[in-house]
Amino acid sequence: MTSAGLWMLLLAAVLMIATGLPAWLVLVGVASVSALLGVALGVVPAALFLSLPARFVGLLENDLLQALPLYVLMGALLNQLALADALFRVLLRLFGAPVAGLVLGALLAPMNGSVGASVAALARTVQPRLQASGFGAARGAALIATAGTLGVVVPPSLVLILFGDAVMRAHTEAVNVTHASVRILNTQDVFRGALVPAALLLLFAAVIAFRQGRARAAADRINAPPPTLGDWIAATITLTSLVVLLGAVTLGYMYAVEAAATGGVALFAFGVVSRTLDRAKLRVVLRETLALSGALFALLIGATMLTLVIRAFETDRWLAQILAGMPGGPPATLVAGLAMIGLAALVLDSFEMIFVVVPLVLPPLLQRLPDASWVAVLALLILQTSFLLPPFGFALLMTRNRLGAGLSLHDLGRAIRPFLLAQIAVLALVIAVPRLVHLAQPAEIIVKQLTPQEIERELHPIQQEDLPR
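Source: prediction; values computed, not measured.

Some points on the overall build of the chain
No. 1: Assigned secondary structure in the chain consists of 21 helices and zero strands.
No. 2: Out of the 469 residues belonging to the chain, those deemed buried represent 54%.
No. 3: The long-range fraction of contacts in the chain, counting pairs at least 24 apart against all pairs at least 6 apart in sequence, stands at 80%.
No. 4: Carbon and sulfur atoms make up 68% of the accessible area of the chain, which amounts to about 20000 Å² in all.

Below, the structure is given as structure tokens:
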């Protein structure tokens, strides 16, 4: 029965694709039915259900979760206050539509949440502008799909905040097994580790977008209405503020919650002072924020239930034994673990991957490979690559669904090829030169020997006896 957890994951993925039900509902249903079946067979203790309330309370006490609704609020305010429009018009004047759309995606994707939410927001805000500039439908869709995945690697996005927390727990679990005298990886380390690869990826994608739109750039500057002085001022303030806030979080000068709260208050104040945020728009902002935040927390609770049941079946230990016993040593373990993440990302969105798959796959990888930052960044890049991989990449399918069935997967696959090759090039570069992950990190290496009590406190937010093994 140790492999039951993998069958649960497969069943959840099939149900999400076949039924179209919300992911959190599928996760809760699969976890509940599997747990009842396990109790009936005597494999899972009935006390499992008694541990759920305490586990939920401990989970929701995580300070990082306070940043989720604040980031979502920032994204909603940016869209409703037309600051994104002003920024796009200025970038269109300077670089043309493709680069403008890519930059706008790089700024908005970190605050839109999952890949699906990012693609939906960019399809609504960027695609009409690309069409108006005469950019091809397939190339425009490829640009939106690529920009929608940038929130996976550009710090400090919602995805990276939660991924960093998941990596911290996975690293703590690995240290608990290996008893290595190392400092536990934290969210800030993941931000800094992803900084250089994300910069390279943005650079390559911008060059591709510029080359594709070079023939249209001059026409865009002539045909598009020139940005007003107010547009230049609004775009400059918006761009500077976002870069400063996100950069302060990435470099460790501010906490994610502080930056998100500062950005939300500043945007709200701008809307009030400029009289662009009326009651109708505020109602839309609050509705979008509550809807997306509620969906994220529901998904988190459903994933927590599923992972608890999977651990009750001891699938995590079984998977760790398989990865640890693979011939070929740590390199083979790394390839196998990253392949599992890549395959799962073909059917699961970023948050589902973080809440369900990462806690199962990363701990055994970190037990065999000492460079936790490098492994974490490779997992992120594999995740993003799978989202763009034709014909079943999650971002591609979401983009096609949003822009209409008239866009064939063949044309979209051809259009996405340059961006996918750039993605693979960055991935190969990080594999070949692990030092790229550490360029933005402090030079000193902090070594700390954790006590067993500290390890348990990091790994389990509730009492250890409440987690059946």
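Once you've had a look at it, read on.
Some thoughts on the packing of helix α9 (residues 137–148) against helix α19 (residues 394–403)
No. 1: For the pair α9 and α19, interaxial distance at closest approach is 9 Å and the crossing angle is 130°. On the basis of their axis angle, the class for α9 and α19 is oblique. As for how α9 packs across α19, the hand of that crossing is right-handed. Two secondary-structure elements touch here, α9 through A141, I144 and A145 and α19 through A395, L396, T399 and L403.
No. 2: Taken together, the residues of the contact of α9 with α19 sort by class into six nonpolar, one polar and no charged.

Notes on unusual backbone geometry
No. 1: With phi around 60°, R275 is a residue other than glycine that occupies positive phi space.
No. 2: R275 gets classed as exposed once you look at its relative accessible area, which sits at 78%.
No. 3: The phi dihedral of E314 is positive, around 65°, even though this residue is not glycine.

What about a nonpolar patch on the surface?
No. 1: On the surface, a nonpolar cluster with roughly 580 Å² of combined accessible area is contributed by L94, F95, L229, W232, I233 and I237.
No. 2: For the nonpolar patch, the elements supplying multiple residues, two or more each, are α5 (83–95) and α12 (229–250).
No. 3: Here the nonpolar patch takes four residues from α12, the largest share from any one element.
No. 4: Judged by its relative accessible area of 32%, W232 is partly exposed.

Side note on the pattern of salt bridges
No. 1: Tallied over the entire structure, the rule returns four salt bridges.
No. 2: Notably, a salt bridge pairs R89 with D231, separated by 2.9 Å at the nearest N-O pair. With R89 in helix α5 and D231 in helix α12, this pair connects stretches of sequence that are 142 residues apart.
No. 3: Residue R89 is classed as partly exposed on the basis of its relative accessible area, which comes to 32%.
No. 4: Note that D165 and R169 form a salt bridge whose closest N and O atoms lie 3.5 Å from each other. Placement of both D165 and R169 in helix α10 (residues 158–178) is noted, with a separation of four residues, approximately one turn of the helix.
No. 5: Overall, R169 belongs to the partly exposed group, its relative accessible area being 21%.

Description of the side chain of D231
No. 1: Overall, D231 belongs to the buried group, its relative accessible area being 10%.
No. 2: Of the polar contacts made by the side chain of D231, one reaches the side chain of R89; its length is 2.9 Å.
No. 3: Not counting residues within four places of it along the chain, the set of residues in contact with D231 comprises A86, R89 and V90.

Considerations on the nonpolar core
No. 1: Counting residues in hydrophobic clusters, the biggest one holds 150 residues, and the most contacted among them are F163, L306, F355 and L362.
No. 2: When near neighbours in sequence (up to four residues on either side) are disregarded, L306 contacts M8, L9, L27, V30, A31 and V356.

Some points on helix α16 (residues 329–344)
No. 1: Helix length check: α16 (16 residues) gives 23 Å between terminal C-alpha atoms against 22 Å at 1.5 Å per residue, within 8%.
No. 2: Tucked inside the fold, the buried residues of α16 contact α15 (315–324), α17 (350–368) and α18 (372–387).

Digging into the environment of L73
No. 1: Mapped onto the elements, L73 comes out in helix α4 (residues 67–80).
No. 2: Along the primary structure L73 and F268 are separated by 195 residues, whereas in three dimensions their C-alpha atoms are 9.6 Å apart.
No. 3: Those residues in contact with L73 that sit more than four places away from it in its chain are V285 and T289.

Digging into the confidence of the model for the chain
No. 1: Taken residue by residue, the chain gives an average pLDDT of 79. The fraction at 70 or more is 88%.
No. 2: Taking the mean pLDDT of every element in the chain, the minimum, 46, falls on helix α21 (residues 452–459) and the maximum, 90, on α18.
No. 3: A low-confidence stretch, residues 443–469 stays under pLDDT 50, and its non-local contacts, those more than four residues away or across chains, total 46 contacts.

A word on the packing of helix α14 (residues 279–312) against α17
No. 1: Packing of α14 against α17 leaves a shortest axis separation of 9 Å and a crossing angle of 20°. Taken together, the axis directions place α14 and α17 in an arrangement best described as roughly parallel. As for the relative orientation of α14 and α17, their crossing is right-handed in sense. For the pair formed by α14 and α17, the contact residues are L296, L299, L300, A303, L306, T307, I310 and R311 on the first element and F351, E352, F355, V356, P359 and L360 on the second.

A word on helix α2 (residues 23–41)
No. 1: Helix length check: α2 (19 residues) gives 27 Å between terminal C-alpha atoms against 27 Å at 1.5 Å per residue, within 8%.
No. 2: Among the residues of α2, those classed as buried are A23, V26, L27, V30, A31, S34, A35 and G38. Axial view of α2: buried residues confined to an arc of 150°, hence all on one face. Opposite the buried face of α2, at more than 90 degrees from it, the exposed residues are V33, L36 and A40.

Analysis parameters
Numbering of residues begins from 1 in every chain and follows the order in which that chain's sequence is written. Reporting in this predicted model follows two pLDDT cut-offs: at least 70 for local features of residues, and 80 or more for side-chain atom pairs to be given and counted; totals over whole chains, interfaces and linings ignore these cut-offs and use all residues. Computation of side-chain values: all heavy atoms of the structure, hydrogens and water removed. For helices the rule is a DSSP run of H or I covering at least 4 residues; for strands it is a run of E covering at least 2, with both sets numbered from the N terminus onward. Buried, partly exposed and exposed residues are distinguished by accessible area as a fraction of the type maximum, computed with a 1.4 Å probe on protein chains only: under 20%, between the cut-offs, and over 50%, respectively. Here, residues are in contact when the closest pair of their heavy atoms is within 4.5 Å. Surface exposure here means Shrake-Rupley accessible area, sampled with a 1.4 Å probe, where a residue is shielded only by the protein chains that are shown. Interaxial angles span 0 to 180 degrees and are taken between N-to-C directions of axes, which are lines fitted to C-alpha atoms, for helices over the stretch in contact. Oblique is the label for every angle not falling under 35 degrees (roughly parallel), over 145 degrees (roughly antiparallel), or within 65 to 115 degrees (roughly perpendicular). Crossings are sorted by hand: turned counterclockwise from the far helix by less than a right angle, the near helix makes the crossing left-handed, and turned clockwise it makes it right-handed. Gly is put with the polar residues, along with every residue not named as nonpolar or charged; the nonpolar set is Ala, Val, Leu, Ile, Met, Phe, Trp, Tyr, Cys and Pro, and the charged set is Asp, Glu, Lys and Arg. Patch definition: residues with relative accessible area over 30% and no salt bridge; like charges joined within 9 Å; nonpolar side chains (Val, Leu, Ile, Met, Phe, Trp, Tyr) joined within 5 Å. A side-chain nitrogen of Lys or Arg and a carboxyl oxygen of Asp or Glu constitute a salt bridge if their distance falls within 4 Å. We call two N or O atoms a polar contact when they sit within 3.5 Å, provided that within protein one can donate a hydrogen and the other can accept it, with sequence-adjacent residues counted only if both atoms are side-chain atoms. Working definition of a nonpolar core: buried Ala, Val, Leu, Ile, Met, Phe, Trp, Tyr and Cys residues. They are joined through side-chain atoms within 4.5 Å. Multiplying 1.5 Å by the helix residue count minus one yields the expected span of that helix. Per-residue confidence from the predictor is reported as pLDDT, which spans 0 to 100. In this context, the arc is that of the directions from the helix axis out to the C-beta atoms.

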